[in-house]
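# Geometric and topological summary
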Protein chains: 4
Amino acid sequence: MRPIIPDYLAEVLGHVEPDSSGEPAAYIPELAAADPERLAAAFATVDGQVHGAGDVDVPFTVQSISKPFAYALALADRGFDPVLAKVGVEPSGEAFNEISLESGTGRPLNPMINAGAITVHSLTGPADCDPADRVERVLHGLSAFAGRRLAVDEEVYASEMANAHRNLAIAHMLRSHDILTEDARTVVEGYTRQCAVLVTTRDLALMAATLANRGVNPLSGEKVVSETVVRQVLSVMFSCGMYDAAGDWATQVGIPAKSGVAGGLIGTLPGRIGIATFSPRLDRHGNSVRGVSLFERFSSDMGLHVMEVPSAGQAVVRSNHVVGSGTGALRVLELQGGIDFAGAERVVRETLETAPREPQVAVDLTRVHAIDDVARRMVLEVARRLTLDGQDVYLVDPETILPDPDPGDGGRVTVVRTVEQAMAAGA
Amino acid sequence: MRPIIPDYLAEVLGHVEPDSSGEPAAYIPELAAADPERLAAAFATVDGQVHGAGDVDVPFTVQSISKPFAYALALADRGFDPVLAKVGVEPSGEAFNEISLESGTGRPLNPMINAGAITVHSLTGPADCDPADRVERVLHGLSAFAGRRLAVDEEVYASEMANAHRNLAIAHMLRSHDILTEDARTVVEGYTRQCAVLVTTRDLALMAATLANRGVNPLSGEKVVSETVVRQVLSVMFSCGMYDAAGDWATQVGIPAKSGVAGGLIGTLPGRIGIATFSPRLDRHGNSVRGVSLFERFSSDMGLHVMEVPSAGQAVVRSNHVVGSGTGALRVLELQGGIDFAGAERVVRETLETAPREPQVAVDLTRVHAIDDVARRMVLEVARRLTLDGQDVYLVDPETILPDPDPGDGGRVTVVRTVEQAMAAGA
Amino acid sequence: MRPIIPDYLAEVLGHVEPDSSGEPAAYIPELAAADPERLAAAFATVDGQVHGAGDVDVPFTVQSISKPFAYALALADRGFDPVLAKVGVEPSGEAFNEISLESGTGRPLNPMINAGAITVHSLTGPADCDPADRVERVLHGLSAFAGRRLAVDEEVYASEMANAHRNLAIAHMLRSHDILTEDARTVVEGYTRQCAVLVTTRDLALMAATLANRGVNPLSGEKVVSETVVRQVLSVMFSCGMYDAAGDWATQVGIPAKSGVAGGLIGTLPGRIGIATFSPRLDRHGNSVRGVSLFERFSSDMGLHVMEVPSAGQAVVRSNHVVGSGTGALRVLELQGGIDFAGAERVVRETLETAPREPQVAVDLTRVHAIDDVARRMVLEVARRLTLDGQDVYLVDPETILPDPDPGDGGRVTVVRTVEQAMAAGA
Amino acid sequence: MRPIIPDYLAEVLGHVEPDSSGEPAAYIPELAAADPERLAAAFATVDGQVHGAGDVDVPFTVQSISKPFAYALALADRGFDPVLAKVGVEPSGEAFNEISLESGTGRPLNPMINAGAITVHSLTGPADCDPADRVERVLHGLSAFAGRRLAVDEEVYASEMANAHRNLAIAHMLRSHDILTEDARTVVEGYTRQCAVLVTTRDLALMAATLANRGVNPLSGEKVVSETVVRQVLSVMFSCGMYDAAGDWATQVGIPAKSGVAGGLIGTLPGRIGIATFSPRLDRHGNSVRGVSLFERFSSDMGLHVMEVPSAGQAVVRSNHVVGSGTGALRVLELQGGIDFAGAERVVRETLETAPREPQVAVDLTRVHAIDDVARRMVLEVARRLTLDGQDVYLVDPETILPDPDPGDGGRVTVVRTVEQAMAAGA
């Protein structure tokens with residue numbers, strides 16, 4: 001059953017692979033030397049399933065994707081008021097490296113632009129933290145989000161520092177407004193180390209899933225930050241995460257997201273899923289070209305948009321019971337609501353877990369109002385597997401909500417309009 | 001059972017009533033003469049329940065709250081591309097009456113500022129629509145959202161036109177960029193009529209609920225606009241609806257919303273609820289002072305934030321079955337997930353609909369991970385009613401997820417840790 | 001003697017004539033239909049000499065060149081405080097049709113951008129002026145600057161009004177800020193008439209010379225506005241007259257100037273000269289391409305830059321006396337200071353007026369520290385004329401301040417180092 | 001004769017002395033500790049006369065007043081093109097410490113804001129200059145403008161560097177745009193030393209006079225920079241020197257000027273005079289409060305406005321001759337043009353130099369069209385001195401151009417309408 005999502009991901013990767021537009025970041029040799037053909041995507045669900053395709057285990061530097069996580073850590077370490085006093089939450093409508101300070105106060109507009117992120121770095125750890133301890137605090141926190149110990153790429157760090165003119169400018173400006181209260185260069189060094197942490201696409205998917213899962217890492221079970229912090233972080237990612245194309249992203253993709261200059265891109269659907277992609281070529285906004293395409297596809301294929309009426313993953317199986325008995329016994333999986341990727345995933349697992357032994361199985365779609373393409377494939381794959389196990393499979397689908405119900409590869413389903421028809425057929 | 005939500009609303013209204021800060025809009029006599037003490041709030045659920053408190057039936061002009069609905073109509077009437085070609089989706093970070101045109105093209109940044117809304121008005125109806133037909137198209141559309149025929153307040157209209165200097169400026173500017181292609185003044189007249197449509201708080205709650213319900217009016221069942229349109233409208237409301245305080249609103253309240261200068265304020269939680277409030281005194285952003293407080297309270301009390309992990313209203317009742325028989329028969333309502341207002345509302349109605357006649361009733365919270373304050377009260381009210389009907393009520397709450405389980409007013413519940421304990425107690 | 005300056009102007013026109021870059025304004029048919037090859041330049045001195053070359057008598061619409069003159073009229077009619085209360089004096093660094101209102105007050109930044117000029121129009125005439133009287137007041141005032149009765153081109157006016165979207169936008173915006181207190185459209189109509197006044201290059205040179213001459217028209221002798229008003233107008237022209245290229249113009253050309261969209265361009269050197277050019281093709285700033293080249297050439301050839309140390313036109317002839325007598329009589333014209341066009345013009349006229357009859361004439365340059373090319377030619381032309389009249393001409397030039405002293409065309413000068421040498425030579 | 005101008009200056013200082021509004025700069029202790037009551041003003045003419053009153057020899061740091069002079073040095077050292085390629089000439093309309101970089105190129109808008117001035121510092125000296133040599137180059141150049149060897153206040157320098165956050169920010173930003181090509185901190189150190197050069201009000205007046213005198217120090221006779229450079233510097237001072245109040249200054253005062261945060265303020269009238277004032281209390285723009293008042297007074301009293309029709313200082317004495325003989329001999333000083341301070345100063349000196357011994361002296365104002373108040377006093381002082389020497393003084397003033405002709409203190413003049421009347425009276 002597992003391959004369904006990786007297969008889907010592999011197919012979507014294949015779709016975007018020919019697009020070689022854009023260029024890898026070139027401001028330091030380490031990024032310029034990245035293999036531009038690298039390509040990966042991974043999904044991590046809130047219950048800890050990680051599905052990936054492509055170069056999901058190739059390490060690269062986290063860069064700006066560290067921003068929402070460091071923001072979460074600062075909010076957790078210092079509380080909301082001290083952080084909000086120094087960094088705003090308003091979209092800037094500007095590029096990532098614009099200074100964008102609030103007139104008068106010098107407060108960076110939001111934590112996703114560099115000015116805000118540098119300030120946020122200085123707000124992680126306790127107030128009297130020394131610079132080395134702060135870097136360790138951030139590294140420890142990012143590791144908790146990822147569920148494994150991460151490390152800094154010291155070469156990238158050194159190269160970035162040699163080219164950190166603009167961030168130094170920003171930090172000195174913040175220092176002049178007393179937004180930073182420590183030595184400007186030292187803070188930039190810490191922030192640059194934060195950006196040089198090595199991650200894989202799998203790590204990023206889990207980090208995103210930790211945000212999706214109320215701050216609890218779905219694999220380790222560690223509560224990294226509180227739900228209130230997560231809500232704040234996701235809100236800010238939604239409106240400020242994609243810089244000057246924030247409105248386009250919010251309407252078309254609708255997933256709180258963050259990109260990094262090394263080619264990473266993450267998205268979080270609260271309560272549902274963390275997504276990560278990796279492809280080094282960037283568009284003029286500094287976002288991964290193929291990463292953006294992948295997210296557009298995911299959003300469109302799977303209805304992963306925060307303004308979509310959410311389906312209820314955990315309750316998509318309304319009931320799971322048996323009617324009749326003996327050779328006439330019919331296992332009924334009654335589904336409900338809108339079934340998207342997360343819901344279908346639940347169906348797949350519930351089916352496997354309950355391992356129905358009845359000779360007939362009915363998947364009852366009467367109460368389902370929508371099913372997206374990925375979910376459709378997954379339901380059909382369940383049917384195929386059951387067929388191969390020798391069971392007869394009925395699809396109770398009075399309104400043809402599931403079009404083209406052919407599981408292929410030896411699978412077979414009979415479409416009926418009522419459970420009674422399935423019982424009659426099986427009898 | 002009905003009074004629970006009105007009681008909650010009345011209580012919250014009482015909480016904000018003493019705040020007399022702010023001033024009603026004063027730029028026209030009709031608005032200046034509004035009774036500043038008017039106060040109302042209403043909830044409309046996606047299945048058509050409307051709950052209100054205060055002056056919910058007092059009419060006032062819709063003003064800028066018409067903007068998201070007219071945007072929906074334009075998208076429906078013309079399609080996405082022609083509308084997006086003329087009006088962007090980027091937050092402006094500016095006040096509502098800033099011109100905020102995109103450099104070069106003259107395209108208004110978004111449909112929630114006046115420049116965008118005036119353009120949107122010109123894009124409603126068919127392309128060759130004459131001005132009077134267009135006003136009728138908009139009026140008809142707003143009426144469909146509200147579920148009743150609405151009308152224009154002609155006095156307010158005339159007074160607004162006499163003071164429409166800024167909107168005329170904006171319209172002439174749009175005309176100079178060929179964003180408007182018709183006579184500037186005529187378009188402003190149409191737009192001003194759109195703003196002068198009279199609505200009640202109840203109407204607004206239903207209009208918001210129509211957006212929450214995939215574009216289908218929950219009472220009339222009319223499909224006003226498509227789900228795709230709704231998604232676009234809600235995305236734009238979320239990032240641009242509250243003008244220059246968009247980021248604060250997005251993080252703290254987290255509800256796609258829109259305010260009007262007459263004192264109305266609406267919010268939509270997709271798939272869940274439409275909310276409207278009315279109180280004429282405005283803050284410096286032009287938003288209703290008490291309306292903003294009410295939304296902050298609703299968001300906080302009920303977890304109504306789009307970045308909260310959504311509970312699944314329709315599936316909060318995991319099962320509803322009877323164990324045992326005769327005098328030992330126990331009706332078990334097995335709840336699950338996070339229970340918020342919308343979920344609790346479902347519980348209340350499922351309980352009423354199934355009218356349990358068993359002598360014992362157990363509300364099983366074992367699979368509930370969170371329950372907010374309003375939902376807690378609603379569940380306890382169910383218990384109280386059942387008690388008064390002579391039934392014994394058990395709360396299966398092994399992790400004390402529902403604190404202080406006293407229904408009051410003659411109600412009584414017994415807290416147990418398992419359904420078996422309830423059965424044993426009942427036996 | 002007259003032809004010297006026309007010859008110079010004709011030569012300079014010939015130099016720029018091949019440049020056919022740029023395009024005439026095309027927003028109304030009347031301007032689009034202008035003959036793009038028209039080319040003219042005229043100088044008017046503060047003592048009323050007008051020299052021209054090319055199409056100096058071809059009429060075209062004054063357009064934005066009316067702005068400084070209407071500003072002068074408003075200052076004269078209402079006084080400084082009421083005008084400064086409504087229109088600022090700060091450079092906008094923006095294009096002419098940017099709105100550029102001061103934040104908060106809505107005050108246009110300066111009278112040279114349209115917003116300021118529209119406001120200025122409304123401030124001409126007495127406070128209770130009706131619109132038709134105001135247009136007559138402006139027309140009368142512009143006529144006084146020009147020294148002849150001017151008229152409005154009603155076709156251009158009508159065509160401009162049909163395309164006045166942006167100015168209407170600006171006027172309604174000004175009305176919304178109470179910067180305009182009358183009907184916005186009516187003010188735009190008046191302003192548009194002001195812009196449609198027909199002038200020739202000769203008129204414009206005289207209008208500019210009136211500013212150069214302390215507000216007194218050099219031909220009619222009419223005091224049109226006070227010196228204080230002139231100083232204000234020239235200051236504002238200097239910093240705001242050339243829109244977004246103000247700094248380049250101020251440094252490179254250094255002449256308070258104003259351009260019009262019909263191809264006119266004027267410049268004023270206080271106390272010295274008014275200059276006008278005409279060529280309809282415009283650059284991207286909306287300034288006449290060949291007009292800008294001409295002014296660069298004039299500034300460079302003649303030292304016409306307000307930050308040049310000014311030579312003293314009226315006192316360039318330090319003394320004019322005769323030494324010796326009889327056939328040995330030597331007329332000595334003792335010049336001093338830096339001699340530019342205006343100074344040389346004075347020399348020419350002083351020579352003609354005093355009509356030296358002595359057999360020898362010495363032009364004594366001992367106290368001259370600089371002489372520009374145009375002045376050099378004019379001095380040599382004086383020498384040539386005297387030669388032709390049978391007089392011997394000596395140039396007393398111990399420091400070779402006047403290079404290449406060949407008057408050509410039958411003229412002849414003898415260069416000596418002292419007046420004594422000239423006397424000795426003549427004797 | 002000398003005391004006239006110092007007396008005038010002392011009187012004007014007395015007038016502004018009671019104004020104790022504003023505060024000295026407080027960002028470093030050295031400036032905060034300045035005696036706020038210090039007050040000085042000095043005039044230096046282009047022929048090297050320096051007149052002062054108040055604390056003209058008290059040293060203070062030159063600060064931003066170094067900017068135009070360093071700009072002159074950079075233009076002289078590197079030529080126009082390399083400097084213009086890195087620093088623009090457009091007014092910024094912003095405060096001195098705004099970054100104000102040109103979009104895209106990162107080029108500072110002008111050399112008077114800090115970003116431009118830091119860049120300019122890096123462009124002084126030869127291209128391969130080491131930092132210490134460059135500081136020496138600037139110090140040597142400023143000394144040449146002042147006419148004496150200046151020195152850096154190392155304490156102020158050290159204190160400024162400890163607070164140079166904003167300038168460091170600016171320099172790193174410039175480095176990120178490759179506008180600076182050297183180490184950002186090193187350039188800021190050099191620039192900060194440039195600002196910490198100690199000068200007196202007398203020095204500043206001579207520096208300003210060097211600009212007024214075509215780049216030649218009027219005392220030392222050293223040609224510091226070329227006329228072309230001076231013209232560029234004065235143009236930029238005029239439009240950008242007074243920061244965000246540039247338009248007000250340009251219209252009301254009309255003198256190319258520059259202020260420093262230590263309380264200095266200079267102004268240059270090309271060809272005429274250099275002015276400096278000193279008073280440490282600053283207004284909100286960072287300009288000396290009493291310095292601004294002094295300049296307003298100078299401009300108003302003396303017609304020192306670049307858009308005034310310039311009088312011709314060097315030729316104000318049209319002739320100086322004797323008519324009649326013996327006891328009837330009448331010395332005639334024929335004046336002409338507009339007589340301002342600079343012109344009157346020339347009259348005073350011509351009178352002293354020629355030491356008229358005739359029993360009668362006529363000052364002939366027939367050809368004078370204007371005389372300002374300071375000039376009036378100076379002419380009357382000449383009359384008074386001549387009276388005291390036993391001479392009869394006539395004022396030939398047919399149009400009463402010189403009102404209230406009472407020299408006081410024993411002086412006496414007889415007003416007549418023609419030189420002939422004076423001769424008749426004297427005879």
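About the thresholds
Residues numbered from 1 in each chain as written. Chains lettered and ligands numbered in written order. Predicted model: local features only at pLDDT ≥ 70, side-chain atom pairs only at ≥ 80, totals over all residues. Axes fitted to C-alpha atoms, helices over the stretch in contact; angles between N-to-C directions. Helix = DSSP H or I, 4+ residues; strand = E, 2+ residues; numbered from the N terminus. Parallel < 35°, antiparallel > 145°, perpendicular 65-115°, else oblique. Left-handed = near helix turned anticlockwise from the far one by under 90°. Contact = placed C-beta atoms within 7 Å. Least-squares fit on C-alpha atoms with pLDDT ≥ 70 in both. Pairing = 2+ DSSP bridges. Nonpolar A, V, L, I, M, F, W, Y, C, P; charged D, E, K, R; others polar. Expected span 1.5 Å × (residues − 1). Buried ≥ 20, exposed ≤ 12 C-beta atoms within 10 Å, placed from the backbone. Domains from an automatic or database assignment.

## Re the packing of helix α8 (residues 165-176) of chain A against helix α8 (residues 165-176) of chain D
- The geometry of α8 of chain A relative to α8 of chain D is characterised by a closest axis approach of 7 Å and an angle of 165° between their N-to-C directions. The angle between the axes of α8 of chain A and α8 of chain D places the two elements in the roughly antiparallel class. For the crossing formed where α8 of chain A meets α8 of chain D, the hand is left-handed. Touching His-165, Arg-166, Leu-168, Ala-169, His-172, Met-173, Arg-175 and Ser-176 of chain A of α8 of chain A are His-165, Arg-166, Leu-168, Ala-169, His-172, Met-173, Arg-175 and Ser-176 of chain D, all from α8 of chain D.

## Considerations on the relation of the copies chain D and chain C
- Of the two same-sequence chains, chain D is brought onto chain C (RMSD 0.1 Å, axial shift 0.0 Å) by a rotation of 180°. The superposition of one copy onto the other is thereby described by a two-fold rotation axis.
- Looking at chain D, 100% of its interface residues are interface residues in chain C too, so the copies touch through the same face.

## Section: the sheet that holds strand β13 (residues 414-416) of chain C
All names here are of chain C.
- Spatially, five strands are ordered β9-β10-β11-β12-β13 in an open sheet, and the strand pairing comes out mixed. Looking at strand neighbours, the two that pair on one side only are β9 (317-323) and β13, the edges of this open sheet. In this sheet, adjacent strand axes meet at a mean angle of 20° when their direction is disregarded.
- Looking at chain direction, strand β12 (residues 392-396) and β13 are connected through three bridges and run parallel. Its bridge partner being in β13, Tyr-394 is matched across the sheet by Thr-414.

## A word on the interface of chain D and chain C
- If you look at the interface, chain D gives 33 residues, while chain C gives 33 residues.
- Looking at the side of chain D that touches chain C, the elements that each hand over two or more residues are α11 (227-240), α12 (246-252) and β10 (330-339) of chain D.
- Looking at the side of chain D that touches chain C element by element, the count peaks at six residues for α11 of chain D.
- Of the residues in the side of chain D that touches chain C, the class split is 13 nonpolar, 14 polar and six charged.

## Notes on the relation of the copies chain A and chain D
- Rotating chain A by 180° and translating it 0.0 Å along the rotation axis places it on chain D, where the RMSD comes to 0.1 Å.
- Interface overlap between copies: 100% of the residues of chain A at the interface are likewise at the interface in chain D, consistent with a symmetric, same-surface contact.

## Observations concerning the interface of chain A and chain D
- Of the residues lining the interface, nine residues belong to chain A; the matching set on chain D comes to nine residues.
- Considering every element that reaches the side of chain A that touches chain D, the biggest residue donor is α8 of chain A, with eight residues.
- The class makeup of the residues in the side of chain A that touches chain D is four nonpolar, three polar and two charged.

## Comments concerning helix α8 (residues 165-176) of chain B
- For α8 of chain B, spanning twelve residues, the distance from its first C-alpha to its last is 16 Å, which sits close to the expected 16 Å at 1.5 Å a residue.
- Summarising burial for α8 of chain B: ten of the twelve residues are buried, a large majority.
- Burial in α8 of chain B covers these residues: Asn-167, Leu-168, Ala-169, Ile-170, Ala-171, His-172, Met-173, Leu-174, Arg-175 and Ser-176 of chain B.
- Looking at the buried residues of α8 of chain B, the elements they touch are α5 (114-122) and α9 (184-195) of chain B together with α8 (165-176) of chain C.
- Following α8 of chain B by one or two positions, Asp-178 of chain B adopts a phi angle in the positive range, close to 60°.

## What to know about the pairing of β9 of chain C
- With six bridges joining them, β9 of chain C and strand β10 (residues 330-339) of chain C adopt antiparallel strand pairing. Paired with Asn-320 of chain C across the bridge in β10 of chain C is Leu-333 of chain C.

## Points about the sheet that holds strand β5 (residues 197-199) of chain C
All names here are of chain C.
- The sheet built from three strands is open, its strands ordered β3-β5-β4 with antiparallel pairing. In this open sheet, the two strands that pair with only one neighbour each are β3 (60-61) and β4 (151-152).
- Looking at chain direction, β4 and β5 are connected through two bridges and run antiparallel. Residue Ala-151 lies in a different strand from β5, and its bridge partner there is Leu-198.

## Side note on the domain arrangement of chain A
Residues and elements named next belong to chain A.
- You can read the domains of chain A as domain 1 (4-302) and domain 2 (313-426).
- Centre-to-centre, using C-alpha coordinates, domain 1 lies 40 Å away from domain 2.
- Facing the eight residues of domain 1 at the interface are eleven residues of domain 2.
- Contributing elements (two or more residues each) for the side of domain 1 that touches domain 2: α1 (4-16) and α13 (289-302).
- Classifying every residue of the side of domain 1 that touches domain 2 gives four nonpolar, two polar and two charged.

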